[in-house]
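Observations on the model geometry
Below, each chain spelled out in residue letters.
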Amino acid sequence: MGYRKMQNSIQKLNQTLERMNLVSVQAEARMLLEWITQKPYSLLQLEPGFVLPPDQQARLDLALERRKTGEPLQLIMGVAHFYGLELEVCAGVLVPRPETEVLVWESLARLETSPTTHNPKILDLCTGSGAIALALKSESSALEVWGSDLDDLALELAGRNSQKLNLEVHWCKSDLLDQITGKFSAIICNPPYLPLADRQNRPPELEHEPDRALYSGTDGLELARRLLEQAGDFLTPSGFLALELDPRNVRVLEILALEGGWQSQVVCDLVGRERFLFLERKI
Ligand code: GLN
């Protein structure tokens, strides 16, 4: 009897999420239940006769109402996971995406093999929640990590995240490199990069995130082009610029970079789309 109740409780949530046509029903059900109960899902599955207490059921119902409008689960929970870190997220700042983990991973691999690296100085431009900067610092404490953003709300959030995680990052406010001084072994940037026209047919999730973190002019390259012009002066001789871009634009920016005297390497995301551009000055 208890077993049937437990099944019904979890199945009920699964059925509700399935009716919303979500891509990852199982994963969302697990995350929601763990968040509401603060217990591991595997334990909930084992608990005979598992039924949410009324206060937790009420919170779950509220969360489901918000999810129905397309609000991302991370914003509802106020938490996102990135590179093994639990980050606070909030409305008004881009939710870190799993594909950006590849940017961190690939950048760390390059820093490890880079010739000049004694406590290298790294800059995460357009840091948002601080995800890239914090992931880099968490992986390699010898890195001197800087994180910048134009947006005060983002910098406040990034600062809170670094305090909670006890990871030291130097935060500063800057419009791209305008307020930055010094030279870096790597400048890593996930800028807003969607073409403005994409706003017309955007998925409901993107309606809950700030336009200024998503769109960058008619072709999506306004910021990336500006950064390409500025970045050379802020890199050490063997330093690199790493960018996440829309797959439609990676080769477009690559051509500009090659014309501007950079060496380039294109890297794919986890589903094989050309998504990242790694650039070094030709010596
Ligand atoms: N990758 C994001 C999306 O497609 C866009 C993020 C960005 O513009 N940096 O939703």
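That block above? That's the structure.
Right, let's walk through the structure included here. Everything quoted here is computed from the prediction, not taken from an experiment.

**Comments concerning the nonpolar core**
Among the nonpolar cores identified, the biggest contains 27 residues, and Val104, Leu136 and Ile188 are the most heavily contacted of them. For this core, the secondary-structure elements that each account for two or more residues are β2 (85–88), α6 (100–113), α7 (131–139), β6 (184–189), β7 (235–244) and β9 (274–281). With 6 residues, the single largest contributor to this core is α7. Setting aside anything within four residues of it in sequence, one finds Ile188 in contact with Leu103, Ser107, Ile122, Leu123, Asp124, Leu125, Ile132, Leu136 and Ala242. With 26 residues, the next largest nonpolar core counts Leu221, Leu228, Ala231 and Leu235 among its residues.

**Remarks on the pattern of salt bridges**
Under the defined criterion, the tally for this structure stands at 21 salt bridges. Notably, a salt bridge pairs Lys173 with Asp152, separated by 3.0 Å at the nearest N-O pair. Highlighted residues: Lys173 in strand β5 (residues 170–173) and Asp152 in helix α8 (residues 152–165), separated in sequence by 21 residues. Between Asp211 and Arg199 there is a salt bridge; the shortest N-O distance is 2.6 Å. You can see Asp211 sitting in the loop between β6 and α9 (222–231) and its partner Arg199 sitting in the loop between β6 and α9, a full 12 residues away along the chain. Its relative accessible area of 30% is what places Asp211 among the partly exposed residues.

Quick notes on the rules
Residues numbered from 1 in each chain as written. Predicted model: local features only at pLDDT ≥ 70, side-chain atom pairs only at ≥ 80, totals over all residues. Heavy atoms only, no water. Core = buried A, V, L, I, M, F, W, Y, C linked by side-chain atoms within 4.5 Å. Buried < 20%, exposed > 50% of the residue type's maximum accessible area, 1.4 Å probe, protein only. Helix = DSSP H or I, 4+ residues; strand = E, 2+ residues; numbered from the N terminus. Contact = heavy atoms within 4.5 Å. Salt bridge = Lys/Arg side-chain N within 4 Å of Asp/Glu carboxyl O.

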